[in-house]
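Overview (structure and organization)
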Amino acid sequence: MIQSGQASLVVLATETAPDDVSQLLGLVPSETHLKGASLRSGRVRERHVWTLDVGQLDNTEDDQSGTRALRELLNRCQVAAGRFASLPSDCEARIWWSAYSDSHQGGFVIPTALAQQLALLGVDLFGTTWCRDEDK
């Protein structure tokens, strides 16, 4: 069963600056990185990065679905619904969602209402389920 998850909305752009992404979407990012900055690896960042991150959230007594972080991110992004299609063509937006399972099966369900909210936002979801095995 999914125990927790984390979710981020990321916009990568070759030309559009992070401040412009914020203005176009009407959202305040958690962090931004500018194209051309040096990375720890010594490489140079090839694109601007704009990120809105809700971090890792555990299940609650009322909700054992494992989708809490994704729901929180979609709720925060609701004001930008429909605006992603108007981002400049150099921008690529996606949602990254990772869920953590306490079993090897690691399956999850995205409820219809959550899928509808995602569809209204108009951003692709990239998901990963990680299976925790404390004994190995």
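You'll find the structure just up there.
Notes on the structure follow. It should be emphasised that the depicted structure is a prediction, and the values quoted were computed from it without experimental measurement.

Some details on the nonpolar core
In terms of nonpolar packing, the biggest core is built from 26 residues, with Leu9, Leu25, Leu27, Trp50, Leu73, Phe84 and Ile95 touching the most fellow members. Among the elements that take part in this core, helix H2 (residues 68–77) stands out by supplying 5 residues, more than any other. If near-sequence neighbours (up to four positions away) are discounted, phenylalanine 84 is found in contact with Leu9, Leu25, Ala93, Leu121, Gly122 and Val123.

A short note on the packing of H2 against helix H3 (residues 112–121)
The geometry of H2 relative to H3 is characterised by a closest axis approach of 10 Å and an angle of 40° between their N-to-C directions. Judged on the interaxial angle alone, H3 and H2 are oblique. Pair H2 / H3 crosses with left-handed handedness. Of the residues in H3, those touching H2 at Leu70, Arg71, Leu74, Asn75 and Cys77 are Leu114, Gln117, Leu118 and Leu121. In terms of residue class, the contact of H2 with H3 is made up of 6 nonpolar, 2 polar and 1 charged.

Comments concerning H3
Residues of H3 that are buried: Leu114, Leu118 and Leu121. Here the buried residues of H3 occupy an arc of 55° about the axis, which is enough to place them on one side. Opposite the packed face of H3, turned more than 90 degrees from it, sit the exposed residues Thr112, Ala113, Ala119 and Leu120. Just downstream of H3 lies glycine 122, where phi reads positive at about 80°.

A few points about helix H1 (residues 18–25)
Among the residues of H1, those classed as buried are Pro18, Val21, Ser22 and Leu25. Buried residues along H1 cover an arc of 100° about the axis, so they all sit on one side. Exposed and facing more than 90 degrees away from the buried side of H1 are Asp19 and Gln23. Directly beyond the C-terminal end of H1, a positive phi value near 70° is found at glycine 26.

Cut-off values and rules
- Residues numbered from 1 in each chain as written.
- Predicted model: local features only at pLDDT ≥ 70, side-chain atom pairs only at ≥ 80, totals over all residues.
- Heavy atoms only, no water.
- Core = buried A, V, L, I, M, F, W, Y, C linked by side-chain atoms within 4.5 Å.
- Buried < 20%, exposed > 50% of the residue type's maximum accessible area, 1.4 Å probe, protein only.
- Helix = DSSP H or I, 4+ residues; strand = E, 2+ residues; numbered from the N terminus.
- Contact = heavy atoms within 4.5 Å.
- Axes fitted to C-alpha atoms, helices over the stretch in contact; angles between N-to-C directions.
- Parallel < 35°, antiparallel > 145°, perpendicular 65-115°, else oblique.
- Left-handed = near helix turned anticlockwise from the far one by under 90°.
- Nonpolar A, V, L, I, M, F, W, Y, C, P; charged D, E, K, R; others polar.
- Arc of directions from axis to C-beta.

Purely geometric numbers; function is a separate question.
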